[in-house]
Amino acid sequence: MTRAFLLLLCIALVVSCRTRVDSPRSMNPAAAVRQKAIDEIREADQNFSMLSEKQGLAKAFATYAADDAIKLNDGAAPTVGFDSIRSQMSRIPPNGSVLTWQVLKADAAQSGELGYTFGQWMLTSKDNSGKRKTQFGVYVTVWKRQRNGQWRFVLDGGNATPEPK
């Protein structure tokens, strides 16, 4: 009888340890909204980079810029507004330059309406002699959910850095 009781007790302990306990995030609706926004922002940023790689900077920026977007420019005044950004990007010479980037961190407001991404970028191009060169940098992009539910950037900027290790 004692062995049977101990066996049942052990089984009960094992089963109770295996019972799924909800994480605090799954119990908190606000945290779930925030996490969903973070995941969507990360995805939008990755899709932005893939579009830049496949169809070029002009197409990517025209697709992902909000109407009131601001693009910070290294060593120059910012470009303000969708039309100005599209115009600036269309003037980039088609010399085979490819800009891609990778999200290192994404976060969002608890409301799920605003967030940011931070990461590293890589620009490959050819110099005047035709030799391929690569530049590296970091960026930050502020994203805002639009009325239609899509994420568009409202602020984008970055700067060059040494090659990452």
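It should be noted that the structure appears before, not after, this text.
Because the structure is a prediction, the values reported are computed rather than measured. (Residues numbered from 1 in each chain as written. Predicted model: local features only at pLDDT ≥ 70, side-chain atom pairs only at ≥ 80, totals over all residues. Heavy atoms only, no water.)

Draft legend 1. Just the pattern of salt bridges, in detail. Using the criterion set out here, one finds five salt bridges in the structure. Where Lys 36 meets Glu 40, a salt bridge forms, and the shortest distance between an N and an O atom there is 2.7 Å. Remark: Glu 40 and Lys 36 occur in helix H3 (residues 29–55); sequence separation between them is four residues, near one turn of the helix. Relative accessible area serves as the criterion here: at 49%, Lys 36 is assigned to the partly exposed category. Where Arg 86 meets Asp 83, a salt bridge forms, and the shortest distance between an N and an O atom there is 3.4 Å. In this pair, Arg 86 and Asp 83 both sit in helix H5 (residues 82–90), three residues apart, roughly one turn of the helix. Arg 86 sits in the partly exposed class, given a relative accessible area of 41%. Residue class for Asp 83 comes out exposed when judged on its relative accessible area of 52%. (Salt bridge = Lys/Arg side-chain N within 4 Å of Asp/Glu carboxyl O. Helix = DSSP H or I, 4+ residues; strand = E, 2+ residues; numbered from the N terminus. Buried < 20%, exposed > 50% of the residue type's maximum accessible area, 1.4 Å probe, protein only.)

Draft legend 2. Representation of the pairing of strand E3 (residues 98–108) within the structure. Bridge count between E3 and strand E4 (residues 114–126): 10 bridges; the pairing is antiparallel. Bridge pairing links Ala 108 to Gly 115 in E4. Between E3 and E4, which follow one another and run antiparallel, lie five residues, and Gly 112 among them has a positive phi close to 80°. (Pairing = 2+ DSSP bridges.)

Draft legend 3. The packing of H3 against helix H4 (residues 57–64), seen in detail. Between H3 and H4, whose axes approach to 7 Å, the crossing angle comes to 150°. With respect to their mutual orientation, H3 and H4 come out roughly antiparallel. Taking contact as the criterion, the partners of Ala 44, Asn 47, Phe 48, Leu 51, Ser 52 and Gln 55 in H3 are, on H4, Leu 57, Lys 59, Ala 60, Phe 61, Thr 63 and Tyr 64. Each residue belonging to the contact of H3 with H4 can be placed in one class, and the counts come to seven nonpolar, four polar and one charged. (Axes fitted to C-alpha atoms, helices over the stretch in contact; angles between N-to-C directions. Parallel < 35°, antiparallel > 145°, perpendicular 65-115°, else oblique. Contact = heavy atoms within 4.5 Å. Nonpolar A, V, L, I, M, F, W, Y, C, P; charged D, E, K, R; others polar.)

Draft legend 4. Local environment of the packing of H4 against H5. The contact between H4 and H5 brings their axes to 8 Å, and the two run at 170°. Judged by the inter-axis angle, H4 sits roughly antiparallel to H5. Facing H4, whose interface residues are Leu 57, Ala 58, Phe 61 and Ala 62, H5 presents Phe 82, Ile 85, Arg 86, Met 89 and Ser 90. Grouping the constituent residues of the contact of H4 with H5 by class yields seven nonpolar, one polar and one charged.

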